[in-house]
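Tertiary structure, described
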Amino acid sequence: MQSLRSVRSRILLGTCLSLAAAVPGTALAADIVGTVIDASDTRALQSAQVRILELNRETEAGRDGSFRFGDVPAGTYTLEARYVGAAPRTETVTVSDSGNATVNLVLGTDGTILVLGQSANMTSALSRQKAADGVESVLTRDAVGQFPDQNVAESLRRLPGINILNDQGEGRFVSVRGLDPELNATSVNGVRLPAPESDIRSVALDVISSDSIESIEVKKSLTPDMDADTIGASIEINTTSAFERRKNLLTAKIEGSYNDYSEKLTPKGSIDFSQRLGDNMGVSGGVSYYQRKFETDNIEADGWDADDGLIFPEEVNYRDYDVERKRLSANLNFDFRVGSSTKLYARGVYSQFDDQEYRRETSLKLEDAGTINADGATGVEFSDEGGEIKIQRSLKDRFERQRIRSLVLGGDTEADGWHAQYSVSFAKSTERENGSIDPANFEQKFEDDGLVIGLDTADPRKPIYTVGGLAGTVADFRDPAEYELDSIQVTNLSDSRDREWGARFDLGREFATDGGSFTIQAGAKGRWRKKSYNLETTYWENDDLTMADLVGDQTYRLIDISPVLDKKGVRRFFDANRDIFELNEFDSTLDSILDDYSVTEDVVAGYLLGRWDSSTLRVIGGVRYEHTKNDIRANTVLTVEEGGELPDGSTADDDTIASVTPNRFQRSYGDWLPSLTIRWEPQQNLVLRAAGYKSLVRPKLSKLAPHFTIEQNDDDEREGDFGNPDLKPYRAWNFDAGVEYYLPAGGALSAGGFYKDIKDFIFDTNI
């Protein structure tokens, strides 16, 4: 016998099912799915904006041009697609209860070329920028359009608010809005890139070839679903996807460059391909190679001072570079479709950057010069009378190899109003040297010998020196036999390694309303990073060795800096005569121990956000929490000068490393990071944005390393050099606002402003 409660429950359930069948938007609801492509059927149009005019709902096309509207009530609707540089396109679609409605939207039927050449790159980039949630700048390499730049850093110089820091004429680091490159973060295919170099967080983007990428997004404001470890910008680099292209593609490019100084012609070439392996699988990728042989002439002045109205440098370095650089980049990407709702991908990137540098240098060290005399309005003279002038002639012979690798496996699923994204990743960056001479130093000191050095500072960026004084002293200045070996430093091993594992999962649910749609989304992400550095260096000395047998030919063009060392002769001589050199054990052991460290950085994050979307207004608000845990290891080294007291009470017969103590520090901290982003499009092609959010940048891992060096002199006085494992991260409140107008025929006008309040700024200090 059934209970009365059971009978009532069945009646209630039956009533609910009957009502659901009768009300549009419940049982009769379905999805509208489709793609946006160009009229030539060459490429999917990512970030095309698609609207249901009757429901005031909007979405944007994904990388493969696909879009989806969930929970659309039965009825007939008008879809409108917009893309910068193309006329809008409308299609009518009917939704019934028999299944999803499918529609393909084709833009460019008016003859507009959307996917060829540099103009296509611009319209593609502007379409993505227009559709973005926050303040963002985008570069794309559309279809057969190519970046003409050598590397990613040089490509980014095209964007507003971005400055590139050059090295030897090539872009290297990226500064956004005038901020230190350390305050940026860089990702490839959603994977945060670790830094190859031992002492920085920022990634030198000259390692990655511009030929190997599909787009670069510089996100200057953050939403809760993004990693919060940036104050400048999040630089997102994306490689190709086979589903972005509607047709198979194979392109090849060969270039050459010529350097007047080196008189060398060096090659550059790349291959790019995309291949569909059926309707639901594709592969794409590319390989690029670049070689550059060049020479540069450089002057660097340091220690600028003032005396009696004169402004002058206390040290001037004249540097002659002979450099060969090679860059190899490759990427391989697989894309899969599983049914109508799931897409999976695998993306791998490899970049290798080799740098062989010969640097010959003549240095004038004038800080201890006895007198300073005016020599006209733009000239200064230094004398060794009552002081010292040191002249150093040196050679660096260094080969360095940097590598960056990343692999990510992931996918996304959309069904019944739910949207899930998931991925696992691995990235590793390394920098390695073996056997570099860094440097070989020969020097001569003048004190009360009658030497006068004149500096013409008419162009303060290029101070030119002259030599005067007693004839014999001037002759000694130019005599290689008068320059004695100070030391040859050999980097037997410099090994920097930085690797990171990552995993993330995001889940969202979209709810359709009469005026738009509301999405609730949550997610979690873990990043497990370890950075280590190992240095093995030796110092070799020979008090009887001079430059006389090691002189080379000068190729420096700005001024006569002879005598100079033979750029390859020093290594040949050192390798052939190793037995005549004496090892400086104290300096070799000290430097090899001091710089070694390892740091782990585990970051676990979670977030919750709400998102409102209509045809004119988008609001994203929420909060992110990131918990950071560090395990930091290095050494404390106590050194005692000759004549000082050792820990056991005895007297040091020579400079001595008295003790080496391993250190280990552990710490953890958490940050709540709220944000709010508003995007408003009051009329066609006019977009206004505003964003406020909190973010952080963690300290350099090398600065956290507890390197403690304590030097005790023969009077038992101590001085030290310390790392700081208790450093706090930079924390900042950020506010951005911008207005953008997109021209009907392509192009855009934009203006923006920002405000940043940065706390716990990190700097070095002397006490």
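**Observations concerning the overall build of the protein**
Check the secondary structure of the protein and you find 7 helices and 39 strands. Contacts in the protein between residues at least 24 apart in sequence constitute 70% of all its contacts with a sequence separation of at least 6. Here the protein displays about 33,400 Å² of accessible surface, and carbon together with sulfur accounts for 51% of that area. The protein carries 86 positive and 129 negative side-chain charges, and their two centres are separated by 13 Å.

**Notes on the pattern of salt bridges**
For the structure on display, the rule yields 74 salt bridges. Residue R63 pairs with E244 through a salt bridge whose shortest N-O separation is 2.5 Å. Linking R63 in the loop between β3 (57–60) and β4 (66–72) with E244 in the loop between β14 (234–238) and β15 (249–259), this pair joins segments that are 181 residues apart in sequence. Among the residues examined, R63 registers a relative accessible area of 23% and is labelled partly exposed. Residue E244 is classed as buried on the basis of its relative accessible area, which comes to 1%. Taking the shortest distance from any N to any O, the salt bridge between R172 and E197 comes out at 3.0 Å. Here the residue R172 occupies a position in strand β10 (residues 170–176), and E197 occupies one in the loop between β12 (191–192) and β13 (215–219), the gap between them amounting to 25 residues. With a relative accessible area of 11%, R172 lands in the buried category.

**What about the nonpolar core?**
What tends to happen in soluble globular proteins is that the nonpolar side chains get buried as a cluster. Of all hydrophobic cores here, the largest spans 40 residues; its most connected members are Y318, F382, I453, Y465 and F477. Counting residues in each nonpolar core, the second largest holds 24 residues, with V188, I208, I237 and V349 among its members.

**Structural notes on the confidence of the model for the protein**
Close inspection of predicted coordinates is inappropriate for parts of the model with low pLDDT. Summing up the model confidence of the protein, the mean pLDDT is 89 and the portion of residues at 70 or higher is 94%. The low-confidence segment residues 1–27 (pLDDT under 50) makes 9 contacts with residues lying over four places distant or belonging to another chain.

**A few points about the layout of surface pockets**
One number sums up the size of the second largest pocket: a volume of about 1,200 Å³. If you trace the second largest pocket, you find 37 residues lining it, with S702, K703, H707, D721 and D764 closest to the centre. Listing elements by their share of the lining of the second largest pocket, those giving two or more residues are β22 (389–415), β23 (418–433), β27 (484–512), β28 (517–541), α7 (701–704) and β37 (718–722). The biggest single contributor to the lining of the second largest pocket is β22, with 4 residues. Among the residues making up the lining of the second largest pocket, the classes are represented as 10 nonpolar, 13 polar and 14 charged.

**Considerations on the environment of D553**
Relative to the helices and strands, D553 is located in the loop between β29 (551–552) and β30 (564–565). Look at D553 and you get exposed, because its relative accessible area is 67%. D553 sits 417 residues away from E136 along the chain, and the two C-alpha atoms are 51 Å apart.

**Some thoughts on the sheet that holds strand β8 (residues 136–140)**
Taken together, 5 strands build an open sheet; the order of strands is β8-β13-β14-β11-β12 and the sheet is mixed. One side of each edge strand has no neighbouring strand; the edge strands of this open sheet are β8 and β12. Pairing analysis gives 2 bridges linking strand β11 (residues 185–188) to β12, with the strands arranged antiparallel. Pairing of V188 across the sheet is with V191, part of β12.

**Quick look at the sheet that holds strand β2 (residues 49–52)**
With respect to topology, 4 strands assemble into an open sheet ordered β3-β2-β5-β6, the strand pairing being antiparallel. Only two strands of the sheet have a single neighbouring strand rather than two, namely β3 and β6 (89–95). For this sheet, the mean angle separating the axes of adjacent strands, direction not counted, is 25°. For β2 and strand β5 (residues 75–82), the ladder comprises 4 bridges, and the chain directions are antiparallel. Looking across to β5, one finds that V50 is bridged to A81.

**Examining the side chain of T537**
As for its placement among the helices and strands, T537 is situated in strand β28. T537 gets classed as buried once you look at its relative accessible area, which sits at 3%. From its side chain, T537 meets the backbone oxygen of V490 in a polar contact 3.2 Å long. Excluding residues within four positions of it along the chain, T537 makes contact with Q489, V490, T491, N492, S588, D591 and S592.

**Regarding empty space enclosed by the protein**
Under the defined criterion, the tally for this structure stands at 3 cavities of 30 Å³ or more. A volume near 260 Å³ is recorded for the largest cavity. Around the largest cavity, the lining is made up of 22 residues, and of these N184, A185, T186, L193 and R201 lie nearest the centre. Elements with a minimum of two residues in the lining of the largest cavity: β10, β11 and β28. The calculated volume of the second largest cavity comes to roughly 60 Å³.

**With respect to the packing of aromatic side chains**
On inspection of all chains with the given rule, the structure shows 14 aromatic pairs. Ring centres of W540 and F574 lie 6.1 Å apart, and the angle between their planes is 65°; on these two criteria the pair is classed as edge-to-face. Of the two residues, W540 is situated in strand β28 and F574 in helix α5 (residues 569–576); the sequence distance between them amounts to 34 residues. Residue W540 is classed as buried on the basis of its relative accessible area of 15%. Note on Y730 and F761: the rings are 5.2 Å apart at their centroids and 85° apart in plane angle, and the pair reads as edge-to-face. Residue Y730 is located in strand β38 (residues 730–742), and its partner F761 is located in the segment after β39 (748–759); the two are separated by 31 residues in the primary sequence. The aromatic ring of F294 is capped on one face by R292, whose charged end is 3.7 Å from the ring centroid. Over the aromatic face of Y261 sits the side chain of R557, whose NZ or CZ is 3.8 Å from the ring centroid.

**Considerations on α5**
Residue pairs spaced three or four apart in an α-helix point in one direction, given the helix's 3.6 residues per turn. For α5, every residue scored as buried is listed here: G569, V570 and F574. An end-on view of α5 places all buried positions within 125° of arc, on one side of the element. Turned more than 90 degrees from where α5 packs its buried face, R572 and A576 sit exposed. On its buried face, α5 sits against β22, β24 (436–446), β27, β28 and β30.

**Brief notes about helix α6 (residues 585–594)**
Buried within α6 are the following residues: F586, S588, L590, S592, I593 and L594. Residues of α6 that are buried sit in contact with β28, β31 (582–583), β33 (617–640), β34 (656–683) and β36 (708–712). Where α6 begins, one side-chain oxygen reaches toward the backbone nitrogen of F586, 3.3 Å away; that side chain belongs to N584.

**A few points about unusual backbone geometry**
Put simply, D438 and P439 share a cis peptide bond, and its omega is -5°. The topology assignment puts P439 in strand β24. The peptide bond linking S562 to P563 adopts the cis configuration, its omega dihedral lying at 0°. Turning to its location among the elements, P563 is positioned in the loop between β29 and β30. Unlike most non-glycine residues, N56 shows phi in positive territory, near 60°. Along the chain, the position of N56 falls in the loop between β2 and β3. Since its relative accessible area comes to 28%, N56 is described here as partly exposed. Despite not being glycine, D71 shows a phi value in the positive range, around 55°. If you trace the backbone, D71 turns up in strand β4. Taking the relative accessible area as the measure of exposure, D71 reaches 25% and is therefore partly exposed.

What counts, and at which threshold
Residues numbered from 1 in each chain as written. Predicted model: local features only at pLDDT ≥ 70, side-chain atom pairs only at ≥ 80, totals over all residues. Heavy atoms only, no water. Helix = DSSP H or I, 4+ residues; strand = E, 2+ residues; numbered from the N terminus. Contact = heavy atoms within 4.5 Å. Areas by Shrake-Rupley, 256 points an atom, 1.4 Å probe, with all protein chains shown as cover. Lys, Arg positive; Asp, Glu negative; His and termini not counted. Charge placed at Lys NZ, Arg CZ, Asp CG, Glu CD. Salt bridge = Lys/Arg side-chain N within 4 Å of Asp/Glu carboxyl O. Buried < 20%, exposed > 50% of the residue type's maximum accessible area, 1.4 Å probe, protein only. Core = buried A, V, L, I, M, F, W, Y, C linked by side-chain atoms within 4.5 Å. pLDDT = per-residue confidence, 0-100. 1 Å grid on protein atoms, 1.4 Å probe; cavity = no way out; pocket = protein on both sides within 12 Å on 5 of 7 lines; lining within 4 Å. Points joined across faces, edges and corners; volume = space filled by probe spheres on them. Nonpolar A, V, L, I, M, F, W, Y, C, P; charged D, E, K, R; others polar. Pairing = 2+ DSSP bridges. Axes fitted to C-alpha atoms, helices over the stretch in contact; angles between N-to-C directions. Polar contact = N/O pair within 3.5 Å; in protein donor to acceptor, adjacent residues only side chain to side chain. Phe/Tyr/Trp six-rings, centres within 6.5 Å; stacked < 30°, edge-to-face > 60°. Lys NZ or Arg CZ within 6 Å of the ring centre and 35° of its normal. Arc of directions from axis to C-beta.

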